[in-house]
Amino acid sequence: AQTVTQSQPEMSVQEAETVTLSCTYDTSENNYYLFWYKQPPSRQMILVIRQEAYKQQNATENRFSVNFQKAAKSFSLKISDSQLGDTAMYFCAFRTSGTYKYIFGTGTRLKVLA
Amino acid sequence: DAMVIQNPRYQVTQFGKPVTLSCSQTLNHNVMYWYQQKSSQAPKLLFHYYDKDFNNEADTPDNFQSRRPNTSFCFLDIRSPGLGDAAMYLCATSRVFAETQYFGPGTRLLVL
């Protein structure tokens, strides 16, 4: 069975500091996609960053970057220069190529402290 | 802005009283999904439509139904809500299966 594990239910970080959220997954597939979604309190879930498994280069989007370790099945999210608006629940998700179904982790609640 | 809209944002219903949640999208995406998300849990896929083709997840209770009258709208009907159905219901869309899903803000359902 394919699973996604986020081992940190809650984290906090000081404004302007860097924080890393961990995610591991389990699959026997070789072609797949990994995602980090952000869900702010009472607001909609939005895509933060996406990584294709066939790409060795880690994806980056402004202050957000990932550390994708395919052999270790690890996909962590690094947030640099944390801002108060980064306070949210962060979900790691996985989808195999050619399918529609996302497998979500249980989320990490991140609080950025002023 | 192209977007996914869910109405209402909050819905209160009584135990056993049918309720309908709605989702609309201006993205012109082919696929629409409904997820159930309980507190502190991951979203759980209930079903999806690819155009008019409906696909129910194997573990979705019969109490949950869906309608998609046109490309833009999709409805979630809960025929006889139980206390365990209280949750956030998320609608999402994607252009085709293989592309990123875009989520609406969700409808929080409370069952009294």
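Up top is the structure.
About the criteria used
- Residue numbers here run from 1 along each chain, matching the order of that chain's written sequence.
- Both sets of labels track the order of writing: A upward for chains, 1 upward for ligands.
- Only residues with pLDDT of at least 70 get local features here, since the model is predicted, and only at 80 or more are side-chain atom pairs given and counted; chain-wide, interface and lining totals rely on the full set of residues.
- Processing note: side-chain calculations cover all non-hydrogen atoms of the structure and skip hydrogens and water entirely.
- To pair, rings of Phe, Tyr and Trp, with the six-membered ring standing in for Trp, must have centres within 6.5 Å; the planes then decide the type, stacked if under 30 degrees apart, edge-to-face if over 60, and tilted in the middle.
- Each residue's exposure class comes from its accessible area (1.4 Å probe, protein chains only) as a fraction of the maximum for that residue type: buried when under 20%, exposed when over 50%, partly exposed otherwise.
- Helix numbering and strand numbering both begin at the N terminus, where a helix is a DSSP run of H or I of at least 4 residues and a strand a DSSP run of E of at least 2.
- By definition, residues are in contact when any of their heavy atoms lie within 4.5 Å.
- Cysteine sulfur atoms that pair up within 2.5 Å are treated as a disulfide.

> Would you mind going over the packing of aromatic side chains with me for this structure?
The relation between two aromatic rings is expressed through the spacing of the ring centres and the mutual angle of the planes. Applying the stated criterion across every chain, the model contains 20 aromatic pairs over all chains. With a centroid separation of 6.1 Å and 35° between ring planes, the pair formed by Phe 35 of chain A and Tyr 37 of chain A is classed as tilted. Given the relative accessible area of 0%, Tyr 37 of chain A is considered buried. Ring centres of Tyr 49 of chain B and Phe 54 of chain B lie 5.1 Å apart, and the angle between their planes is 55°; on these two criteria the pair is classed as tilted. Take Phe 54 of chain B: its relative accessible area is 37%, and that puts it in the partly exposed class. Aromatic rings pair up to connect Phe 35, Tyr 37, Phe 91, Tyr 102 and Phe 104 of chain A together with Tyr 33, Tyr 35 and Phe 103 of chain B into one cluster.

> When you look at the environment of Ile 78 of chain B in this model, what are you seeing that I'm missing?
Within the secondary structure, Ile 78 of chain B is located in strand β8 (residues 73-78). Beyond its immediate chain neighbours, meaning those up to four positions away, Ile 78 of chain B contacts Pro 18, Val 19, Asn 63, Phe 64, Asp 85, Tyr 89 and Leu 109 of chain B.

> Looking at this structure, how should I read the environment of Asn 7 of chain B?
Residues and elements named next belong to chain B. If you trace the backbone, Asn 7 turns up in strand β1 (residues 4-7). Assessed through its relative accessible area of 44%, Asn 7 is described here as partly exposed. Separated by 15 residues in sequence, Asn 7 and Ser 22 place their C-alpha atoms 5.4 Å apart. Sequence-distant contacts of Asn 7, that is, excluding residues within four places in its chain, are made with Leu 21, Ser 22 and Thr 107.

> It is not clear to me how the state of the cysteines should be interpreted in this structure. Could you clarify?
Defined simply, a disulfide is a covalent bond joining two cysteines at their sulfur atoms. Taken as a whole, this structure holds two disulfides over all chains when the rule is applied. Here Cys 23 of chain A engages in a disulfide with Cys 92 of chain A; their sulfurs sit 2.0 Å apart. With the S-S dihedral at roughly -70°, the linkage between Cys 23 of chain A and Cys 92 of chain A falls on the left-handed side. Of this pair, Cys 23 of chain A sits in the loop between β3 (19-21) and β4 (24-26) while Cys 92 of chain A sits in strand β10 (residues 88-96), placing them 69 residues apart in sequence. Judged by relative accessible area, Cys 23 of chain A falls into the buried class, the value being 1%. In this model Cys 23 of chain B forms its disulfide with Cys 91 of chain B; the gap between the sulfur atoms is 2.0 Å. Torsion about the S-S bond of the Cys 23 of chain B and Cys 91 of chain B cystine: about -70°, corresponding to left-handed handedness. Of this pair, Cys 23 of chain B sits in strand β3 (residues 19-25) while Cys 91 of chain B sits in strand β9 (residues 87-94); the two residues are 68 residues apart in sequence, bridging distant segments of the chain.

By themselves, these figures tell us nothing about what the structure is for.
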